[in-house]
Amino acid sequence: MAEMFYDDDADLGVIQSKKVAIIGYGSQGHAHALNLRDSGVEVVVGLRDGSASRAKAEEQGLIVKEIGEAVADADVVMILTPDQAQRGVYAEHIEPNLKPDAALFFAHGFNIRYGYITPGEGHDVCMVAPKGPGHTVRRQFEDGRGVPAIIAVEQDASGSAWDLALSYAKAMGALRAGGIKTTFTEETETDLFGEQSVLCGGVSKLIQYGFETLTEAGYQPEIAYFEVLHELKLIVDLINEGGITKQRWSCSDTAEYGDYVSGPRIITPEVKENMKAVLADIQDGTFATRFIEDQDAGAPEFEALRAEGQNHPVEKTGQELRKLFAWKTTDADYEDGSAAR
Ligand SMILES: NC(=O)C1=CN([C@@H]2O[C@H](COP(=O)(O)OP(=O)(O)OC[C@H]3O[C@@H](n4cnc5c(N)ncnc54)[C@H](OP(=O)(O)O)[C@@H]3O)[C@@H](O)[C@H]2O)C=CC1
Ligand SMILES: CC[C@](O)(C(C)=O)C(=O)O
Ligand SMILES: [Mg+2]
Ligand SMILES: [Mg+2]
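Quick notes on the rules
Residues numbered from 1 in each chain as written. Chains lettered and ligands numbered in written order. Predicted model: local features only at pLDDT ≥ 70, side-chain atom pairs only at ≥ 80, totals over all residues. UniProt positions renumbered as here; feature names shortened; annotations may be inferred. Helix = DSSP H or I, 4+ residues; strand = E, 2+ residues; numbered from the N terminus. Buried ≥ 20, exposed ≤ 12 C-beta atoms within 10 Å, placed from the backbone. Near = placed C-beta within 6 Å. Nonpolar A, V, L, I, M, F, W, Y, C, P; charged D, E, K, R; others polar. Pairing = 2+ DSSP bridges. Contact = placed C-beta atoms within 7 Å. Axes fitted to C-alpha atoms, helices over the stretch in contact; angles between N-to-C directions. Right-handed = clockwise from strand over helix to strand, strands pointing away. Domains from an automatic or database assignment. Core = buried A, V, L, I, M, F, W, Y, C linked by C-beta atoms within 7 Å.

With numbering aligned to this structure, UniProt lists the feature "binding site: substrate" (unreviewed entry) at S252. Secondary-structure assignment places S252 in the loop between α12 (221-250) and α13 (253-266). Among the residues examined, S252 registers 9 C-beta atoms within 10 Å and is labelled exposed.

So, on to the site of ligand 2. With respect to spatial proximity, the complete set of residues near ligand 2 consists of P133, D191, E195, L199 and C200. The residue makeup of the shell around ligand 2, split by class, is three nonpolar, no polar and two charged.

Here nine strands make up an open sheet; going across it, the order is β1-β9-β8-β7-β6-β5-β2-β3-β4 and the pairing mixed. Looking at the sheet topology across the chains shown, the edges are occupied by β1 (4-5) and β4 (63-66). Pairing between β1 and strand β9 (residues 179-181): two bridges, direction antiparallel. By the bridge assignment for β9, M4 is matched with I180. The sheet strands contacting helix α8 (residues 161-171) are β1, β6 (103-106), β7 (125-130), β8 (149-155) and β9, and the helix crosses β8 at an angle near 155 degrees.

Moving on, we come to the site of ligand 1. Taken together, 23 residues lie around ligand 1, and G24, G26, S51, S53 and H108 are the ones closest in. Looking at the shell around ligand 1, the elements that each hand over two or more residues are α2 (27-38), α5 (83-94) and β7. Residue composition of the shell around ligand 1, by class: eleven nonpolar, ten polar and two charged.

On to the pairing of β4. Taken residue by residue, a regular strand's side chains alternate between the two faces of the sheet. In terms of strand pairing, strand β3 (residues 42-47) meets β4 through four bridges, oriented parallel. What sits directly across from G46, in β4, is K65. Running through helix α3 (residues 54-59), the crossover from β3 to the neighbouring parallel element β4 is right-handed.

As a further point, take the domain arrangement of the chain. As far as domains go, the chain holds domain 1 (4-182) and domain 2 (193-335). Tallying the contact residues gives five residues for domain 1 and seven residues for domain 2. Counted by class, the side of domain 1 that touches domain 2 contains two nonpolar, two polar and one charged residues.

Annotation from UniProt places "active site" (unreviewed entry) at H108. Position of H108 relative to the elements: it lies in the loop between β6 and α6 (110-113). The contacts of H108, once residues within four sequence positions are left out, are D83, A129, T188 and D191.

Ranked by internal contacts, the top residues of the largest apolar core, which has 63 residues, are V77, F105, V128 and A169. A per-element tally of this core places α8 first, with six residues. For V77, the residues in contact, after removing those within four places along its chain, are A21, I23, V71, I94, L98, A102, L104 and F105. One finds F211, Y225, L229 and V314 within the second-largest nonpolar core, a separate group that totals six residues.

In this structure, T254 sits in helix α13. Along the primary structure T254 and D101 are separated by 153 residues, whereas in three dimensions their C-alpha atoms are 61 Å apart.

A few words now on the environment of T81. With respect to the helices and strands, T81 occurs in the loop between β5 (76-79) and α5. Considered as a pair, T81 and Y25 are 56 residues apart in the sequence and their alpha carbons are 7.7 Å apart. Setting aside residues up to four positions removed in sequence, T81 forms contacts with I23, G24, Q86 and V89.

Attention now goes to the pairing of β8. Burial runs high along β8: five of the seven residues are buried. Pairing between β7 and β8: six bridges, direction antiparallel. Directly across from A129, in β8, lies its bridge partner I150. The pairing of β8 with β9 spans three bridges and is classified as parallel. If you follow I151 over to β9, its bridge partner there is K181.

Take a look at the structure:
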């Protein structure tokens, strides 16, 4: 059974006695900085020169400094730039300015697991990885709830790295929901596997094939969009609340029977073999090397694949259809106040 942590297992005073630098102010960065600040922690945001995010962070009442300056004064440095940028940011701005006993924090283990960052022995190396997108992490916190996080310590130089990591997770609101003990290796490999094979890669391809099958058979794209994309959220919400069993209970018997007899015709045992191959590439570093080499070359493969995905007909249909209906509310609407909470 996994080891779980809740609010009572952590002392907020530990992180409240530290100066924390949050590097980056994107999806996770804004959520960490604002949640910690609202939990009474002294926070500074570290951004590159000319950063587009500076004005936003300052508007939200945060102190912003250039990355090296923010790091120089910090007891805890949370690195929340994109994974592919972390190696360069660390070498150029963080490592040369880091206090000898400062703790390094991550929200994903990629750079530690694959050796792109190797912190010196004097630093605690911890992870608080929220299991949800940054905008949800912030919204849940403001609503008095929390997004669960998984928590790890890779290097315990101080002897109290776990107290620090748990205190940070509590200030994020994560322990209201619950934290799970993990390792950098387990988090990195399972996170990459989950997003590639099921959550992002698997689901995206399933939607595209479903949409193509219906429209190529002559059905209207708008109807196909509803059937293979829009309703997915409603089905996933049921699965999230009560497992696949609750989804099958709530849907019609027709849908449930079709699930049993046709599901295995779509997702065949071959798919599981493909999943094992994807996992092997994650475990032996093949995926990480391909991703970083492409990024280092200016991301030609990434950009071509991104453009191909954005031009898929299901995206065009969705763009037009979502303009017409109330469900279009996005995180940006919540942020700028144009949507009611
Ligand atoms: N997205 C998510 O919800 C989740 C992310 N994570 C992890 O959290 C970490 C952060 O991810 P995410 O929040 O998506 O990142 P984002 O892409 O949202 O980060 C954007 C921020 O990073 C800054 N940045 C980008 N490139 C550089 C650079 N070369 N030098 C300096 N600053 C840079 C940007 O600066 P500027 O403002 O100047 O543009 C911006 O402030 C990653 O490790 C990720 O795996 C974990 C769980 C979920
Ligand atoms: C599912 C994608 C994710 O792993 C996440 C939000 O947890 C990410 O890397 O963004
Ligand atoms: Mg994830
Ligand atoms: Mg991920």
